[in-house]
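# Chains, contacts and geometry: an overview
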Amino acid sequence: MKPDIRVNSINPLKVLTVFGTRPEAIKMAPLVKKMEDDPEIRCSVAVTAQHREMLDQVLELFHIKPAYDLNIMLPNQTLYEITTRALAGLKDILEQEKPDIVLVHGDTTTTFVASLAAFYRQIRVGHVEAGLRTGNIYSPYPEEMNRRLTGSIAQFHFAPTAAAKANLLREGVGAEHILVTGNTVIDALLATVRDEYVFGDSTLDSIDYTRRKVFVVTTHRRENLGAPLKNVYRALRAVVENYPEVEIVFPVHKNPKVKEAVNEVLGGVGRVHLTDPLDYAPFVNLMNKSCLVLTDSGGLQEEAPSLGKPVLVLRDTTERPEAVEAGTVKMVGTDEEAIYSQCKILLENPEEYSRMASAVNPYGDGQACGRIVSGLKYFLGLNRRKPEEFTA
Ligand code: UD1
Ligand code: UDP
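Reading the values: rules and limits
- Residues numbered from 1 in each chain as written.
- Chains lettered and ligands numbered in written order.
- Predicted model: local features only at pLDDT ≥ 70, side-chain atom pairs only at ≥ 80, totals over all residues.
- Heavy atoms only, no water.
- Near = heavy atom within 4 Å.
- Polar contact = N/O pair within 3.5 Å; in protein donor to acceptor, adjacent residues only side chain to side chain.
- Helix = DSSP H or I, 4+ residues; strand = E, 2+ residues; numbered from the N terminus.
- Nonpolar A, V, L, I, M, F, W, Y, C, P; charged D, E, K, R; others polar.
- Core = buried A, V, L, I, M, F, W, Y, C linked by side-chain atoms within 4.5 Å.
- Buried < 20%, exposed > 50% of the residue type's maximum accessible area, 1.4 Å probe, protein only.
- Contact = heavy atoms within 4.5 Å.
- pLDDT = per-residue confidence, 0-100.
- Areas by Shrake-Rupley, 256 points an atom, 1.4 Å probe, with all protein chains shown as cover.
- Pairing = 2+ DSSP bridges.
- Axes fitted to C-alpha atoms, helices over the stretch in contact; angles between N-to-C directions.
- Salt bridge = Lys/Arg side-chain N within 4 Å of Asp/Glu carboxyl O.

## Some remarks on the site of ligand 1
- Close to ligand 1 lie 25 residues, the nearest being His51, Glu53, Leu74, Thr109 and Glu143.
- Between ligand 1 and Met54 there is a distance of 2.9 Å, counted from an oxygen atom to a backbone nitrogen or oxygen.
- Contacts to ligand 1 include Glu143, whose side-chain N or O atom sits 2.5 Å from an oxygen atom.
- Listed by contribution, the elements that provide at least two residues to the shell around ligand 1 are α2 (53-61) and α3 (79-97).
- Among the residues forming the shell around ligand 1, the class breakdown is nine nonpolar, ten polar and six charged.

## Notes on the nonpolar core
- Counting residues in each nonpolar core, the largest one holds 63 residues, and the members touching the most others are Phe19, Leu31, Met35, Leu103, Phe158 and Met287.
- The biggest single contributor to this core is helix α1 (residues 22-36), with seven residues.
- Not counting residues within four places of it along the chain, the set of residues in contact with Met287 comprises Val216, Val293, Leu300, Glu303, Ala304, Leu307 and Lys309.
- Core analysis: the second largest hydrophobic core is formed by 32 residues, Phe215, Tyr243, Val262 and Ile339 among them.

## Some remarks on the confidence of the model for the protein
- Per-chain confidence: the protein averages 96 in pLDDT, with 98% of residues scoring 70 or above.
- Of the regions scoring below 50 in pLDDT, residues 1-7 engages in 21 contacts with residues more than four places distant in sequence or in other chains.

## Topic: the site of ligand 2
- Near ligand 2 lie 16 residues; those nearest to it are Leu278, Ser297, Gly298, Gly299 and Glu303.
- Between an oxygen atom of ligand 2 and a side-chain N or O atom of Arg22, the distance comes to 2.8 Å.
- Gly299 places a polar main-chain atom, nitrogen or oxygen, 2.7 Å from an oxygen atom of ligand 2.
- Burial of ligand 2 by the protein amounts to 95% of the accessible area it has alone, namely 540 Å².

## Regarding the sheet that holds strand β8 (residues 213-218)
- Here we have six strands laid out as an open sheet, ordered β10-β9-β8-β11-β12-β13, and parallel in their pairing. The open sheet is flanked by β10 (272-275) and β13 (329-331), the only strands paired with a single partner. Averaged over all adjacent pairs, the angle separating strand axes in this sheet is 20 degrees, with direction ignored.
- When β8 meets strand β11 (residues 292-295), the two strands line up parallel, connected through four bridges. By the bridge assignment, Thr218 is partnered in β11 with Thr295.
- Packing of helix α10 (residues 256-266) onto the sheet brings it into contact with β9 (246-251) and β10, and relative to β10 it is tilted by some 155 degrees.

## With respect to the pattern of salt bridges
- Inspection of every chain in the model, using the stated rule, returns 28 salt bridges.
- For Lys91, the salt bridge goes to Asp92, with nearest N and O atoms at 3.9 Å.
- Judged by relative accessible area, which is 48%, Lys91 ranks as partly exposed.
- Between Arg320 and Glu129 there is a salt bridge, with the nearest N and O atoms lying 3.4 Å from each other. Taken together, the residues Arg320 in the loop between β12 (311-313) and α13 (322-326) and Glu129 in the loop between β5 (124-128) and α5 (143-153) connect sequence positions 191 residues apart.
- The exposure class of Arg320 is buried, given its relative accessible area of 4%.
- Taken together, the salt bridges that share partners define one network made up of Lys27, Asp107, Glu129, Arg147, Glu302, Arg315, Glu319 and Arg320.

Structure representation (structure tokens):
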């Protein structure tokens, strides 16, 4: 299908941005700010609040006041609950708001449901961070399928990298519907990292980041819940026990299943600092001061390489191959021995560490939001020229 709207330009353009979780909020925040500053765009925000506290942390930091808040989160929520509660709530919001386009981000269940809700009202959908694929619908689960389904519904695809665009082209999406923009997370990151950052937190400020080997750890993937996470935590426990120079800072995800497993294996272990999820600014500045990141997160695989921090990915697949190819990110899965031995290599072999620690920026240059706004205007007929695409 061709983008029909270039015929009748819409001005001002009514954009409804929908998100629900911490990473979507972080990655959409700089874009919302950019749209709010643009006289040709009327931008409003609806949150499903699939996450509550972790979403509110980001809304507060970026001073975003949603026009709509569905407040759907339940403790230990199921995919069915997120889907049905968000879909029912969005039906009424779309009816009331009547946007020209709904913008969604990434691969969460909020993302897929918001695009489905828009489709049911025949409202155009723009997909930010489109086209990432692992090729395995169960890994990450359910995110790979969420992203594919969102891609099938969307008319406009803001792909962060050339590889993501290539995935979409392979699936039959027309090149005229795709714009390579870079990832908006790099816009957020570059605006937030400061060399002389002070945390204002007694534990984080008491660590000597130049002398100690500080590991930053995060985990939350649904497919890792249970035994795989416990394997990861046992490997970390063995690392701190054998390497006295190592300190682990681990902001624990709010998911009760994650908290339980962390406390069981790592609770009370010396030099392991378990904290609540950190606000975005202290978190990225912590990564910037650390020596190694271990994570099953998607976003951290993009942020850490641009800070020059090696990443061990606690998953078997990644939809972000660029930094793996650049050598900064290594896939280690959730096997206890494998994680321990990769940590050992990085702690004992300075050459291997330096090889992984060179900063690479395959994911963005801090200009993604500007490109997306120009792209939106191009796709919807306000601008004549397609913006220049991001190249790494
Ligand atoms: C969700 C997304 C995942 C994304 C991740 C980012 C889906 C299915 N999953 O996974 O793609 O990578 O967010 O973190 O869309 N909780 C709180 N407070 C919060 C947030 C969560 O208490 O602020 C607890 C609740 O008990 C909730 C549980 O964590 O039921 C799980 O949250 P959920 O959004 O279902 O899954 P995530 O693993 O966070
Ligand atoms: N993050 C944060 N505080 C924390 C841990 C992570 O602000 O305590 C940020 C991190 O910088 C990144 C995002 O949250 O931008 C990643 O979110 P998450 O790992 O929950 O989701 P994913 O990226 O896997 O979808």
